[in-house]
Amino acid sequence: ECCLSLFHKEILHHLQNIVDFGKHVMKQFFGENYVHHGEIIQLPLDFVRQLCLKIQPERPESRCDKDMDTLSGYAMCLPNLTRLQTYRFVEHRPILCIEIKPKCGFIPFSSRVSQEIKHKVCRYCMHQHLKVANGKWKRPSKYCPLDLFSGNKQRMHFALKSLLQEAQNNLKIFKNGELIYGCKDDQDCVSDWNELACHLKPFFFPSNGLVSGPHCTRTIVKELIHVITMTLLSSTDACRAGDMKTVPISQGRSYCEASAFNKELVRNGKHKLESSGLPRDCLLYKTLQAQMLDMLDIEGLYPLYSRVEQYLEEFPEERSTLQIDGPYNEAFYEKLLDLSTEDDGTVAFALTKVQQYRIAMTAKDCSIMIALSPCLQDECSEQRPVVLTSKSRFTFSVSVLDLDLKPYESIPHQYKLDGKIVNYYLKNVQAKDDPVMSNLFKENEDCTLVLHKV
């Protein structure tokens, strides 16, 4: 019974940390309207067990090794973000929801980066090749996060079209809460645009004036991309990322050499298209600012993590004083505001950079939910954000989710993974583009040694 009581306390503490982190930290970065931190509730154990049995067949295979907590009775109550958050709409009103996991939108600007390629090609584009080689995905995606975060509508449209072509786990579309497009599991990707167009036609072309066929599909997908772009660039929150002094976005380059959009420009002999910049109040801008708290890159961060680890080995009782596992309160947030990168050799400096890196990792892995509902002209008052298409108008809400703080313990894994991604890319992708390197790296081929007279 004593063990069970301890287990209950641990679960409660863990959930409280998640709520506090959303409430006191991430709300400061993203703003009141975008973050829904939820609340802790208690449920009858019998209800939890029945729920567990009921949803088990619906869970994707990759999640089935993770057990649901059926012992403590504690749970987090969160809003259904596939519905509109800002206004109470009549339930029969159809709702479309697009979930996007944008990933990291900048290229490392840290001088501590050891491989020059990291200053040219973004992490997402490099990682794609390793994921395909490991069998996680069948094909690499043409999506590049830097195109989405550029604020340039042409690049954003290209990025969103690429996500729709190869959704992987970076894009899902729900209709009235049901998944209609995107991946249910690693390899289970539905990307039938015609089927998607059938679902979307009533939203974008309510009357039947549009002919069916590929032209219709292309038109509907174009409308969808336009709507997503406009909502991502919109502001539905007045908060300006709390007291956060912003990290200058100009510190890194604003395009990725591996981006299919960039390659097309180069092929056509055009100059590289610089970013137009994001409106400061839109969610993408705030997401990018939080991501850019990773100022040193994992290569510059890892020695600082080791410094903290060494200190904890000597003084394990200091772990709670250092707030490594919470509490995530105002004091924790205040320490994140120090953007200096001058290392004074202290544990305090190292810890601040480690905590900022964890926030950045959380922002690099968050999801943005865009809920859209058609509204009639007379309903669309000034209080509601509205986006227009050629034949429809939508009221919408934008939210951010998956904001659990990345574990302190995951930093060594991130360091190793970074090395794997970069090495694989250099050896198997860049080497093939470079004829000199290609000859050096040729594998599994008979080699003939040619000796020249000297």
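All figures in this text were calculated on a predicted structure; none of them were measured in a lab. (Residues numbered from 1 in each chain as written. Predicted model: local features only at pLDDT ≥ 70, side-chain atom pairs only at ≥ 80, totals over all residues. Heavy atoms only, no water.)

### Remarks on the overall build of the protein chain
So, step 1. For the protein chain, the count of helices and strands is 14 helices and nine strands.
So, step 2. Sorting the 454 residues of the protein chain into buried and exposed places 47% on the buried side.
So, step 3. Relative to all contacts within the protein chain whose residues are 6 or more apart in sequence, the contacts with residues 24 or more apart total 75%.
So, step 4. When the accessible area of the protein chain is evaluated, it comes to approximately 23900 Å², of which 52% is carbon and sulfur surface. (Helix = DSSP H or I, 4+ residues; strand = E, 2+ residues; numbered from the N terminus. Buried < 20%, exposed > 50% of the residue type's maximum accessible area, 1.4 Å probe, protein only. Contact = heavy atoms within 4.5 Å. Areas by Shrake-Rupley, 256 points an atom, 1.4 Å probe, with all protein chains shown as cover.)

### A closer look at the side chain of K118
So, step 1. With respect to the element layout, K118 can be found in the loop between β3 (96-100) and α3 (123-133).
So, step 2. For K118, a relative accessible area of 3% translates into the label buried.
So, step 3. Polar side-chain contacts of K118 include one of 2.7 Å to the side chain of E299. (Polar contact = N/O pair within 3.5 Å; in protein donor to acceptor, adjacent residues only side chain to side chain.)

### A look at a nonpolar patch on the surface
So, step 1. On the surface, F47, L51 and I55 cluster together into a nonpolar patch covering about 230 Å² of accessible area.
So, step 2. Mapping L51 onto the fold places it in helix α2 (residues 45-55).
So, step 3. On the accessibility criterion, L51 (33% relative accessible area) is partly exposed. (Patch = residues over 30% accessible without salt bridge, like charges linked within 9 Å, V, L, I, M, F, W, Y side chains within 5 Å. Salt bridge = Lys/Arg side-chain N within 4 Å of Asp/Glu carboxyl O.)

### What to know about the environment of S390
So, step 1. If you trace the backbone, S390 turns up in the loop between β8 (386-388) and β9 (393-401).
So, step 2. Remark: the alpha-carbon pair of S390 and E223, spanning 167 residues in sequence, is separated by 7.9 Å.

### Details of the packing of aromatic side chains
So, step 1. Within this structure, the stated rule accounts for 11 aromatic pairs.
So, step 2. Their ring planes at 40 degrees and their centres at 5.8 Å tell us that F106 and F109 sit as a pair that is tilted.
So, step 3. Judged by its relative accessible area of 8%, F106 is buried.
So, step 4. Among the aromatic residues, those joined into a ring-pair cluster are Y302, Y305, Y408 and Y415. (Phe/Tyr/Trp six-rings, centres within 6.5 Å; stacked < 30°, edge-to-face > 60°.)

### What about the pairing of β9?
So, step 1. Across the nine residues of β9, seven count as buried, placing the element largely inside the fold.
So, step 2. Of the strand pairs in this sheet, β8 and β9 are connected by three bridges, and their pairing is antiparallel. Paired with L388 across the bridge in β9 is R393.
So, step 3. Joining the antiparallel neighbours β8 and β9 is a turn of four residues. (Pairing = 2+ DSSP bridges.)

### As for helix α12 (residues 347-364)
So, step 1. Across its 18 residues, α12 extends 25 Å between first and last C-alpha, which sits within 8% of the 26 Å expected from 1.5 Å per residue.
So, step 2. In terms of burial, α12 is largely enclosed, as 16 of its 18 residues are buried.
So, step 3. The N-cap of α12, judged by a side-chain oxygen 3.1 Å from the amide nitrogen of F349 a few residues on, is T346. (Expected span 1.5 Å × (residues − 1).)

### Focus: the packing of helix α10 (residues 297-314) against α12
For any two helices packed against each other, the geometry comes down to the angle between their axes and how far apart the axes lie.
So, step 1. Orientation of α10 relative to α12, taken along the N-to-C sense of each, is 125 degrees, at an axis distance of 9 Å. Here α10 is positioned oblique relative to α12, judged by the angle of their axes. Here the hand of the crossing between α10 and α12 comes out left-handed. Mapping the contact onto sequence places I298, L301, L304, Y305, R307, V308 and Y311 in α10 and V347, F349, A350, L351, K353, V354 and Y357 in α12. (Axes fitted to C-alpha atoms, helices over the stretch in contact; angles between N-to-C directions. Parallel < 35°, antiparallel > 145°, perpendicular 65-115°, else oblique. Left-handed = near helix turned anticlockwise from the far one by under 90°.)

### Here we look at the pattern of salt bridges
So, step 1. Counted by the stated rule, this structure contains 16 salt bridges.
So, step 2. The salt bridge partner of D402 is K101, with a shortest N-O separation of 3.5 Å. Of the two residues, D402 sits in the loop between β9 and α13 (411-433) while K101 sits in the loop between β3 and α3, which places them 301 residues apart along the sequence.
So, step 3. Here R319 and D325 are joined by a salt bridge, their closest N and O atoms 2.7 Å apart.
So, step 4. Taken together, the shared-partner salt bridges in this structure form one network comprising K101, K103, D365, D402 and K406.

### Some points on the environment of K335
So, step 1. The topology assignment puts K335 in helix α11 (residues 330-335).
So, step 2. Apart from the residues lying within four places of it in its own chain, the contact partners of K335 are Q323 and T352.

### Brief notes about unusual backbone geometry
So, step 1. At the junction of G326 and P327, the peptide bond is cis and its omega measures out at -5 degrees in the coordinates.
So, step 2. Mapped onto the elements, P327 comes out in the loop between α10 and α11.
So, step 3. One non-glycine residue with positive phi stands out, namely N176, at about 50 degrees.
So, step 4. Inspection of the secondary structure assignment puts N176 in the loop between β4 (171-175) and β5 (178-183).
So, step 5. Unlike most non-glycine residues, D297 shows phi in positive territory, near 65 degrees.
So, step 6. Relative to the assigned elements, D297 resides in helix α10.

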